[in-house]
Each structure stands twice: as structure tokens, then as C-alpha cells.
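Single-letter residue listing:
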Amino acid sequence: MPSVRHIPTPIVQRAKPRIRTWAELKELFPLKLDYRIELTIVRHGETETNVAGRITGEQNVALTKRGWRQAREVSHLLGPEYSVAYCSELSRAKMTLANALAQDRTQVERIVYDARLNERSMGELERRPALPIREYATGNLSYAPPGGETYRHVTQRVLSFLYDIVQSGHTDALVVSHMGPMRMLMGILTNESYPVRV
């Protein structure tokens, strides 16, 4: 009789995220770590708005069939276990994480839904056709579309999130998010100072 691998059900919680002020963040960073933290960062699978060439922003949209397949396939790239998985509160990220974990290749002890990992708000542009935005192309982190969010604020969210990971004591984490926060996260982790390259 073949052996069956039992994957314990992770503890699921919703974070009470705190976005620190810039003054607080300047006091906290750069962080000095006595240990290494390994982050595995995953973007959600393809969505219906991606295929339609529309801006999604903070809207909840469904994954396409290809998006579901991508979520299954990413499970092959994940480690066997993580102490915690942090995930955006938006449905496309949640669906990606759930589908990846359903493949029973990866075990997580805890899943934390954290709004600081949500995609940036694009305000009035959401669900409209995607067009180049000059301010983004020139690296203007203070620009926001009407009713939207600046990359400067997204950076503030991400720095607050990173600080809390360090404070948690976890040495490994799976992070499922979106292009906007991931760009800022990678820029911070690689110490990229030129906004256009982020």
C-alpha cells in the first residue's frame, strides 16, 4: 500500500497591518540582521483583466484558466516548507496561493493575509485599457492617478511589512503579491536607488 503524505492544515489569520510613518521608517532602516531571512516571492497568476489589457489595481478579478495552471505550476518551484506564507488580501493572490498549496508539494505552518501586499490603487484608471503613463516611465514615485496611490506610499507599506517580518523572527517566508508591491520590494532588497529601473 503506497504511503500517503499528510499535510497539516495551516493556521490562517488576517494581519492587522501597521503602516509606519516615514519618520519612523528612517529610524528603523537600514536593518541590521544577525541571521538570514529567505523570501520566496510569487506574483499571482494571469487574470481576466491582464488578458483584456486592462488596469486591475485594487479590483478583485478572477484568474483565467491559464492563471490557475500557472498557480499549479509554481508549486514545482516552491520549497518543501515555509514557516509562514504572507499573501495579499486580493482574491487573485489568494486563489494563486490556495491553488499552489493544494498541489501538496509545499507545507506552510501559517498563512497571513496582509493588505500591505495588495496591489497599488490605480483610482479612476482601474478596469480601463492599459496605456503608458509618462510619470511611471520617468520614475516619479510621487505620482498617483486621480483617486489612486503613489509608489511612494506603496514603498511605505512594503518597508513596514519588511520590518514586521524581521520582528516576527521567521527565517523563511513565502510572499504572494502583485507587480506594484513586488517592484518596490525588489528595489529595496537589491538596494536599487534609480526609480526608473524599479
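All figures in this text were calculated on a predicted structure; none of them were measured in a lab.

Notes on the side chain of Ser 121
Link 1 in the chain: With respect to the helices and strands, the residue Ser 121 is situated in the loop between strand 6 (110–113) and helix 5 (134–137).
Link 2 in the chain: Of the polar contacts made by the side chain of Ser 121, one reaches the backbone nitrogen of Gly 123; its length is 3.3 Å.
Link 3 in the chain: Contacts of Ser 121, omitting those with residues within four sequence positions, involve Glu 58, Glu 126, Gly 147, Gly 148 and Glu 149.

Remarks on the packing of helix 3 (residues 65–74) against helix 4 (residues 91–101)
Link 1 in the chain: Running from N to C, helix 3 and helix 4 cross one another at 50°; their axes reach a closest spacing of 7 Å. Viewed along their axes, helix 3 and helix 4 adopt a mutual orientation that is oblique. Relative to helix 4, helix 3 is oriented so that their crossing is right-handed. Between helix 3 and helix 4, the contacting residues are Trp 68, Ala 71, Arg 72 and Val 74 on the first element and Met 95, Thr 96, Asn 99 and Ala 100 on the second.
Link 2 in the chain: A per-class count over the contact of helix 3 with helix 4 returns 5 nonpolar, 2 polar and 1 charged.

So, the sheet that holds strand 6
Link 1 in the chain: Strands sit in the order 1-6-4-7-2 across an open sheet of 5 strands; the sheet is parallel. The two strands at the open ends of the sheet, each matched to only one other strand, are strand 1 (11–14) and strand 2 (38–43). Between one strand axis and the next, the sheet turns by 20° as a mean value, whatever way the strands run.
Link 2 in the chain: In the sheet, strand 2 pairs with strand 7 (residues 172–177) via 6 bridges, with the strands oriented parallel.

With respect to helix 3
Link 1 in the chain: All buried positions along helix 3 are accounted for by Gly 67, Ala 71 and Val 74. One face of helix 3 carries all of its buried residues, which in axial projection span an arc of 70°.
Link 2 in the chain: On its buried face, helix 3 is in contact with strand 2 and helix 4.

A few points about the side chain of Ser 75
Link 1 in the chain: Mapped onto the elements of the fold, Ser 75 is located in the loop between helix 3 and strand 3 (81–82).
Link 2 in the chain: Of note is the side chain of Ser 75, whose polar atom sits 2.5 Å from the backbone oxygen of Arg 72.
Link 3 in the chain: For Ser 75, the contacting residues outside a window of four places in its chain are Ala 100, Gln 103, Arg 105 and Thr 106.

A word on the pattern of salt bridges
Link 1 in the chain: One pass over the full model with this rule turns up 11 salt bridges.
Link 2 in the chain: A salt bridge links Glu 149 to Arg 157; the nearest nitrogen and oxygen atoms lie 2.9 Å apart. As far as burial versus exposure is concerned, Glu 149 and Arg 157 are alike and both buried.
Link 3 in the chain: A cluster of three or more residues bridged by salt bridges with shared partners is formed by Arg 20, Asp 114, Arg 116 and Asp 164.

Analysis parameters
- Residues numbered from 1 in each chain as written.
- Predicted model: local features only at pLDDT ≥ 70, side-chain atom pairs only at ≥ 80, totals over all residues.
- Heavy atoms only, no water.
- Helix = DSSP H or I, 4+ residues; strand = E, 2+ residues; numbered from the N terminus.
- Polar contact = N/O pair within 3.5 Å; in protein donor to acceptor, adjacent residues only side chain to side chain.
- Contact = heavy atoms within 4.5 Å.
- Axes fitted to C-alpha atoms, helices over the stretch in contact; angles between N-to-C directions.
- Parallel < 35°, antiparallel > 145°, perpendicular 65-115°, else oblique.
- Left-handed = near helix turned anticlockwise from the far one by under 90°.
- Nonpolar A, V, L, I, M, F, W, Y, C, P; charged D, E, K, R; others polar.
- Pairing = 2+ DSSP bridges.
- Buried < 20%, exposed > 50% of the residue type's maximum accessible area, 1.4 Å probe, protein only.
- Arc of directions from axis to C-beta.
- Salt bridge = Lys/Arg side-chain N within 4 Å of Asp/Glu carboxyl O.

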